[in-house]
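Single-letter residue listing:
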Amino acid sequence: MWGDLAYDYLPVSTERRSQVLHPFAIPCMQGVLALNVTRGCAHACVYCYARAYPEAPPRGQLFVYENLPARLEAELARMRRLPRAVSLCTATDPFQPFPSLLSVTYQAAEMLLRRGITVTFLTKGFIPEEFIALFARFQDLVRARIGLLSLDPGYHRTFEPGTAPPEVRLGNLRRLRAAGIAAGIRHDPVIPGVTDKPEALDRLFAALRKEGITSVDVGYLYIRPGIAQLLRDELPPAVARPLLSQFRSGPIEEVAASSHTQLLPPEIRVRSFFKIREAAREHGIVPILCRCKNPDMRADRCQGSRDLAYPVPRRRVRQLSLPLR
Ligand code: SF4
């Protein structure tokens, strides 16, 4: 275990009363259903949109839906047509280091895979060996994404205090790929001036290339009132103030289920993306700017959604459009 903060959380068992499977709010994931094994997330990333929901439990509280496997089984049995793919956890992390939570994640994943349903997930935690063994048995049905922005321990402590350290996440990637499982990197949310310094990018991309990575999906930090409040509350003021000031004059757009999402001004994102592209290219890596999170720009469909092979309607660019190629 790691992430000092994870020890402040005592997971509490709770009952899931509502529907377990629900539609994914991200446009490129249309047709994919999602489920969440907990309410709350001990990884406690300071920029987390899920922690910023008014109904999200405060930092330190974590509720594990221990009846989720039974409810999932009943829901799947009632379905006339099974979903093609299910995302494990869109508002929490499926691999937080608590045995009760990991047991629920395991049972849910196994149930889906045994029925031939593709399982996709994004994690900043450690993936235990028994999951790698499970996923290896159903290689063709698993699409893994590892969230990784920086190898810098200072960034990790400040912005993602309860997550697994970067080298552990690189280890996930190595073990998944060695077991023949499709695993890629989500480089999101980039924080201009913090995570996109050339030397840090160079180190990161060198490490990723060593693991065989040739493309990364890139997203940028966005804010809503709750996220801005988390940043103010949980970051040192000397970090939060300049970070939030970058949003001045940033467009308000519809991202995921919220039409009141403030993005960084396009020129900041473009400048930053050029830096990322330059550093990535040095190591033979192609960065893909995620279009769901940059609806005002000429961005692309990220590799994570392409791996699921769903056709996606092209959204019309409504705002300023800056060429990225
Ligand atoms: S791991 Fe994901 S869900 Fe958990 S706090 Fe971080 S961003 Fe939020």
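Given the structure is predicted, the values throughout are model-derived calculations rather than measurements.

Draft legend 1. Summary view of the overall build of the chain. Across its full length, the chain holds 10 helices and 13 strands. Rg of the C-alpha trace for the chain: 19 Å, near the compact-globule value of 20 Å for 325 residues, within the 12% margin. When its C-alpha atoms are laid out on the principal axes, the chain stretches across 50 × 40 × 35 Å. A burial count over the chain gives 59% of its 325 residues as buried. Here the contacts in the chain between residues at least 6 apart in sequence split such that 74% fall between residues at least 24 apart. Per element, the accessible surface of the chain, about 14300 Å² overall, is 53% carbon and sulfur. Within the chain, one finds 45 positive and 31 negative side-chain charges whose respective centroids are separated by 6 Å.

Draft legend 2. Molecular detail of the packing of aromatic side chains. Enumeration over the complete set of coordinates arrives at 7 aromatic pairs. Look at Y49 and Y53: their rings are 5.8 Å apart centre to centre, the planes differ by 85 degrees, and that puts the pair in the edge-to-face class. The exposure class of Y53 is partly exposed, given its relative accessible area of 34%. Ring geometry for Y155 versus F159: centroids 4.9 Å apart, planes at 15 degrees, classification stacked. Highlighted residues: Y155 and F159, both in helix α4 (residues 153-159), separated by 4 residues, approximately one helical turn. Residue Y155 is classed as buried on the basis of its relative accessible area of 5%. Here a set of aromatic residues connected by ring pairs shows up, and it is made of F95, Y106, F121, F131 and F135. Lying across the ring of Y65, R16 places its NZ or CZ 5.0 Å from the centre.

Draft legend 3. Representation of the pattern of salt bridges in the model. Going through the model one piece at a time under the given rule, you end up with 12 salt bridges. In this structure, R175 and E129 form a salt bridge, with 2.8 Å as the shortest nitrogen-oxygen distance. Note that R175 is positioned in helix α5 (residues 166-178) and E129 in helix α3 (residues 129-137), a separation of 46 residues in sequence. Judged by its relative accessible area of 47%, E129 is partly exposed. Each of R51, R59 and E234 takes part in one network of salt bridges that share partners.

Draft legend 4. Focus on the pairing of strand β6 (residues 85-88). Of the two faces of β6, the one lined by A85 and S87 and the one lined by V86 and L88 are each fully buried. Here strand β3 (residues 32-35) runs beside β6; their pairing, made up of 4 bridges, is parallel. Pairing of V32 across the sheet is with A85, part of β6. Summarising the sheet, β6 and strand β7 (residues 118-123) pair through 4 bridges and their orientation is parallel. When the sheet's bridge partners are listed, A85 is paired in β7 with T118. Regarding topology, helix α2 (residues 99-114) serves as the crossover connection from β6 to the parallel β7, and that connection is right-handed.

Draft legend 5. Structural view of the sheet that holds β6. Ordered in space as β2-β3-β6-β7-β8-β9-β10-β13, the 8 strands form an open sheet in which the pairing is mixed. Looking at the sheet topology across the chains shown, the edges are occupied by β2 (22-23) and β13 (286-289). Strand direction decides the pairing type here: strand β10 (residues 215-220) and β13, joined by 4 bridges, are parallel. In the strand pairing of β13, S215 is matched with V286.

Draft legend 6. Looking closely at the confidence of the model for the chain. Averaged over all residues, the pLDDT of the chain equals 92, while 93% of them reach at least 70. Contacts of residues 317-321 to residues separated by more than four positions or lying in other chains number 13 contacts, the stretch itself having pLDDT below 50.

Draft legend 7. Quick look at the side chain of S87. Relative to the assigned elements, S87 resides in strand β6. Look at S87 and you get buried, because its relative accessible area is 5%.

Draft legend 8. Structural view of helix α6 (residues 198-210). Compared with the 18 Å implied by 1.5 Å per residue over 13 residues, the 18 Å span of α6 between its first and last C-alpha is a close match. Along α6, the residues that are buried comprise L201, L204, F205, A207 and L208. Angular distribution of buried residues about the axis of α6 spans 160 degrees; they occupy a single face of the element. Away from its buried face by more than 90 degrees, α6 exposes E199 and K210. In the core, the buried residues of α6 are packed alongside α5, β9 (182-190), β10 and α9 (266-282). Trailing α6 by a residue or two, G212 shows a phi angle of about 90 degrees, which is positive.

Draft legend 9. Here's a closer look at the site of the ligand. Every residue near the ligand is listed here: C41, H43, A44, C45, C48, R51, A91, T92, D93 and K124. Grouping the constituent residues of the shell around the ligand by class yields 5 nonpolar, 2 polar and 3 charged.

Cut-off values and rules
Residues numbered from 1 in each chain as written. Predicted model: local features only at pLDDT ≥ 70, side-chain atom pairs only at ≥ 80, totals over all residues. Heavy atoms only, no water. Helix = DSSP H or I, 4+ residues; strand = E, 2+ residues; numbered from the N terminus. Rg over C-alpha atoms; globule rule 2.2 N^0.38 Å. Buried < 20%, exposed > 50% of the residue type's maximum accessible area, 1.4 Å probe, protein only. Contact = heavy atoms within 4.5 Å. Areas by Shrake-Rupley, 256 points an atom, 1.4 Å probe, with all protein chains shown as cover. Lys, Arg positive; Asp, Glu negative; His and termini not counted. Charge placed at Lys NZ, Arg CZ, Asp CG, Glu CD. Phe/Tyr/Trp six-rings, centres within 6.5 Å; stacked < 30°, edge-to-face > 60°. Lys NZ or Arg CZ within 6 Å of the ring centre and 35° of its normal. Salt bridge = Lys/Arg side-chain N within 4 Å of Asp/Glu carboxyl O. Pairing = 2+ DSSP bridges. Right-handed = clockwise from strand over helix to strand, strands pointing away. pLDDT = per-residue confidence, 0-100. Expected span 1.5 Å × (residues − 1). Arc of directions from axis to C-beta. Near = heavy atom within 4 Å. Nonpolar A, V, L, I, M, F, W, Y, C, P; charged D, E, K, R; others polar.

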